[in-house]
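# Observations on the three-dimensional arrangement
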Amino acid sequence: MPRPKKKRKINHPPKMLGFKPFGIRLCDTEQVIMQYEEYETVKLVVYDNLSQEEAAERIEVSRPTLTRIYNSALKKIGQAFVEGKSIIIKGGDFEFEKNWYKCKRCFKLIDSIDHPTTCDDCPDDKKEELENLNA
Ligand SMILES: [Zn+2]
């Protein structure tokens with residue numbers, strides 16, 4: 001019997017909204033949409049060097065599901081890399097392990113443990129509202 005679908009757990013949002021290829025006009029490029037959990041599997045398996053079993057435990061999915069998400073992410077990266085497409089990281093079926101906010105001015109990521117209302121890095125006269133990434 002299939003288990004009820006749970007949201008995938010993501011520890012830390014990516015620093016960027018996506019990637020764009022160099023040496024090609026952005027307006028000429030097509031976009032590949034990468035879901036947050038796809039980004040997270042690449043981070044855990046490639047960057048953090050976890051086994052797929054360990055990565056599956058981190059984001060709270062089965063190992064076969066992890067492999068499916070990871071393979072989908074690699075396919076999108078390969079497609080963007082070879083075809084000169086940009087990658088936009090958005091959407092998915094996930095929740096962060098803590099609440100995250102992003103400064104709309106300098107794009108600094110701030111977690112809820114800091115109880116943020118404004119960005120500490122931006123000057124007082126230029127402070128902007130924080131974007132709630134959890135919504
Ligand atoms: Zn800021």
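Residues numbered from 1 in each chain as written. Predicted model: local features only at pLDDT ≥ 70, side-chain atom pairs only at ≥ 80, totals over all residues. Heavy atoms only, no water.

The next subject is the sheet that holds strand β3 (residues 31-34). Pairing within the open sheet is mixed, and its three strands lie in the order β2-β4-β3. Edge strands, defined here as strands with exactly one partner in the open sheet, are β2 (18-19) and β3. Relative to strand β4 (residues 86-89), β3 runs parallel, the two sharing four bridges. If you follow M34 over to β4, its bridge partner there is I89. Helix α3 (residues 63-83) rests against β3 and β4 of the sheet, and its axis sits at about 160° to β3. (Pairing = 2+ DSSP bridges. Helix = DSSP H or I, 4+ residues; strand = E, 2+ residues; numbered from the N terminus. Contact = heavy atoms within 4.5 Å. Axes fitted to C-alpha atoms, helices over the stretch in contact; angles between N-to-C directions.)

Soluble globular proteins: nonpolar side chains tend toward being buried together. With 15 residues, the main nonpolar core has Y36 and F96 as its most contacted residues. The biggest single contributor to this core is helix α1 (residues 36-47), with three residues. For this core, the two domains that each supply at least three residues are domain 1 (8-97) and domain 2 (99-135). Here Y36 is in contact with I10, P13, P14, I89, K90, G91, F94 and F96, once residues within four sequence places are set aside. Counting residues in each nonpolar core, the second largest holds nine residues, with L44, A55, V61 and L66 among its members. (Core = buried A, V, L, I, M, F, W, Y, C linked by side-chain atoms within 4.5 Å. Buried < 20%, exposed > 50% of the residue type's maximum accessible area, 1.4 Å probe, protein only. Domains from an automatic or database assignment.)

Moving on, we get to a nonpolar patch on the surface. Together, V46, L74 and I77 make up an exposed nonpolar region whose accessible area comes to about 220 Å². The exposure class of L74 is partly exposed, given its relative accessible area of 35%. (Patch = residues over 30% accessible without salt bridge, like charges linked within 9 Å, V, L, I, M, F, W, Y side chains within 5 Å. Areas by Shrake-Rupley, 256 points an atom, 1.4 Å probe, with all protein chains shown as cover. Salt bridge = Lys/Arg side-chain N within 4 Å of Asp/Glu carboxyl O.)

Turning next to the coordination of the zinc ion. Coordination sphere of the zinc ion, protein contribution only: C103 (SG), C106 (SG), C119 (SG) and C122 (SG), at 2.3 to 2.4 Å. Of note is the zinc ion, whose four donor atoms meet at the metal with angles of 105 to 119° in an arrangement that counts as tetrahedral. Read in sequence order, the donor residues coordinating the zinc ion give the pattern C-x2-C-x12-C-x2-C. Residue classification places C103 among the buried positions, given a relative accessible area of 1%. A residue is classified by how much of its surface remains accessible, and C106, at 33% relative accessible area, is partly exposed. (Donors = N, O, S within 2.8 Å, 3.2 Å for Na, K, Ca; no water. Tetrahedral: all angles 85-135°; square planar, octahedral: opposite > 155°, others 65-115°.)

What follows concerns the packing of α1 against helix α2 (residues 52-59). Packed helix pairs are characterised by how far apart their axes lie and by the angle those axes make with each other. Orientation of α1 relative to α2, taken along the N-to-C sense of each, is 135°, at an axis distance of 9 Å. Regarding the angle of α1 to α2, the classification is oblique. Crossing hand, α1 versus α2: right-handed. Note on element contacts: α2 touches α1 through Q52, A55, R58 and I59, opposite E40, T41, L44 and V45. Here the residues of the contact of α1 with α2 sort into four nonpolar, two polar and two charged. (Parallel < 35°, antiparallel > 145°, perpendicular 65-115°, else oblique. Left-handed = near helix turned anticlockwise from the far one by under 90°. Nonpolar A, V, L, I, M, F, W, Y, C, P; charged D, E, K, R; others polar.)

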